[in-house]
Amino acid sequence: MRNEPYTKRFDKMSNLSTELQRVEKTYIPTESAKLAQTRNSVVGGLQAFGNSRFQLGRVLRQYKMHFKSGHGWVAAAKLIAAAMDREERTVFRIIEDYERASQLPAILLEAMLEQQIEPAAAKNIDVVEALLRIPEPKTSEKASAVVREAFKTHVLQKTKKASAKPDLEAFANRIVKQFEDRYRSAAPQQRDAEVQYILELLINSLRAPIRELRQFGRPTLVPKPPKQGAA
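Since the model is a prediction, treat every value here as computed from it, not as a measurement.

Undergrad: Talk me through the nonpolar core; I want residue IDs and the actual numbers.
TA: Residues L46, L60, Y63, W73, I80 and V91 are the most contacted members of the largest nonpolar core, which totals 24 residues. Elements with a contribution of two residues or more to this core: α1 (4-27), α2 (33-47), α3 (53-64), α4 (70-84) and α5 (88-101). Take this core: its biggest share by element is seven residues, from α4. Ignoring sequence-local partners within four residues, the contact set of V91 consists of L60, W73, A77, I80, A81 and M84. The next biggest cluster of nonpolar side chains, apart from the first, holds 18 residues, and it includes M112, A120, V127 and V146.

The structure is reproduced here in structure tokens:
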């Protein structure tokens, strides 16, 4: 059915508050109106996740502060991540991105939001870090100009980086790192099966005439495929 994904997401959100209360009863000694209000803000923030990552990070951090035990917060973060169809590390990153952006003066945060630049978006980390290195503007007009210039510089650097031909070995090492991160805690049998599937999919998709995989010290040592004769 067309509305099935939406229905599943709605069910997860409607159950989240109840599941979080169970975790709270285990790890938080006393209930309070502040705790309930923060929990409701988290659920509401998740439902409007696409609207403001910054605001979601703010309420997630407030909710985290209620848990004195790290185990309690991890248990809550897993429930929140499941409601988002994400891994719990996504929840941790949202808070980290919020904490970074929240170091900015309010006048710069307002300028970013006015220009529809999400302060806590991972893609805007360079913009936030650039703004953190400059003195606080005295006026809203100056803040807007500073934010506009920082974002323009970020876009130009990103475009220049994308147009540059990546170093082959650096590219290969980045891919290997992604595989290592994904399968660090996976069972060997599952890891091997999935890696084989990915490699075969890659080779078949590129239609590369590779029939054997061997370890070479550097790319230049890989034998060149024989040239096909004229038909």
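Alright, that's what it looks like, and here's the rest.
Undergrad: How would you sum up the packing of α2 against α3? Please name residues and give values.
TA: With their axes 9 Å apart at the nearest point, α2 and α3 run at an angle of 150° to one another. As α2 runs across α3, the sense of the crossing is left-handed. Residues L35, T38, R39, S41, V42, G45 and L46 of α2 pack against L56, V59, L60, Q62 and Y63 of α3. Its residues assigned to classes, the contact of α2 with α3 shows seven nonpolar, four polar and one charged.

Undergrad: Mind laying out the packing of aromatic side chains, listing which residues take part and the relevant values?
TA: Under the counting rule described, the total for this entry stands at five aromatic pairs. Arranged with centres 6.4 Å apart and planes meeting at 75°, the rings of Y63 and W73 form a pair that is edge-to-face. With Y63 in helix α3 and W73 in helix α4, the pair connects residues that are ten residues apart, well separated along the chain. Ring geometry for F179 and Y183: centres 6.3 Å apart, planes at 40°, overall tilted. What makes F179 partly exposed here is its relative accessible area of 26%. One aromatic cluster is present, built from ring pairs that chain together Y63, F67 and W73.

Undergrad: Would you mind going over the environment of E114 in detail, with residue names and values included?
TA: Structurally, E114 is set in helix α6 (residues 106-114). Since its relative accessible area comes to 61%, E114 is described here as exposed.

Undergrad: Can you break down the packing of α3 against α4 residue by residue, with the values?
TA: The interhelical angle for the contact between α3 and α4, taken along N-to-C directions, is 145°, at an axis separation of 11 Å. Across the interface between the two elements, L60, Y63 and K64 of α3 pack against W73, A76 and I80 of α4. Of the residues assigned to the contact of α3 with α4, the class counts are five nonpolar, no polar and one charged.

Conventions used here
Residues numbered from 1 in each chain as written. Predicted model: local features only at pLDDT ≥ 70, side-chain atom pairs only at ≥ 80, totals over all residues. Heavy atoms only, no water. Core = buried A, V, L, I, M, F, W, Y, C linked by side-chain atoms within 4.5 Å. Buried < 20%, exposed > 50% of the residue type's maximum accessible area, 1.4 Å probe, protein only. Helix = DSSP H or I, 4+ residues; strand = E, 2+ residues; numbered from the N terminus. Contact = heavy atoms within 4.5 Å. Axes fitted to C-alpha atoms, helices over the stretch in contact; angles between N-to-C directions. Left-handed = near helix turned anticlockwise from the far one by under 90°. Nonpolar A, V, L, I, M, F, W, Y, C, P; charged D, E, K, R; others polar. Phe/Tyr/Trp six-rings, centres within 6.5 Å; stacked < 30°, edge-to-face > 60°.

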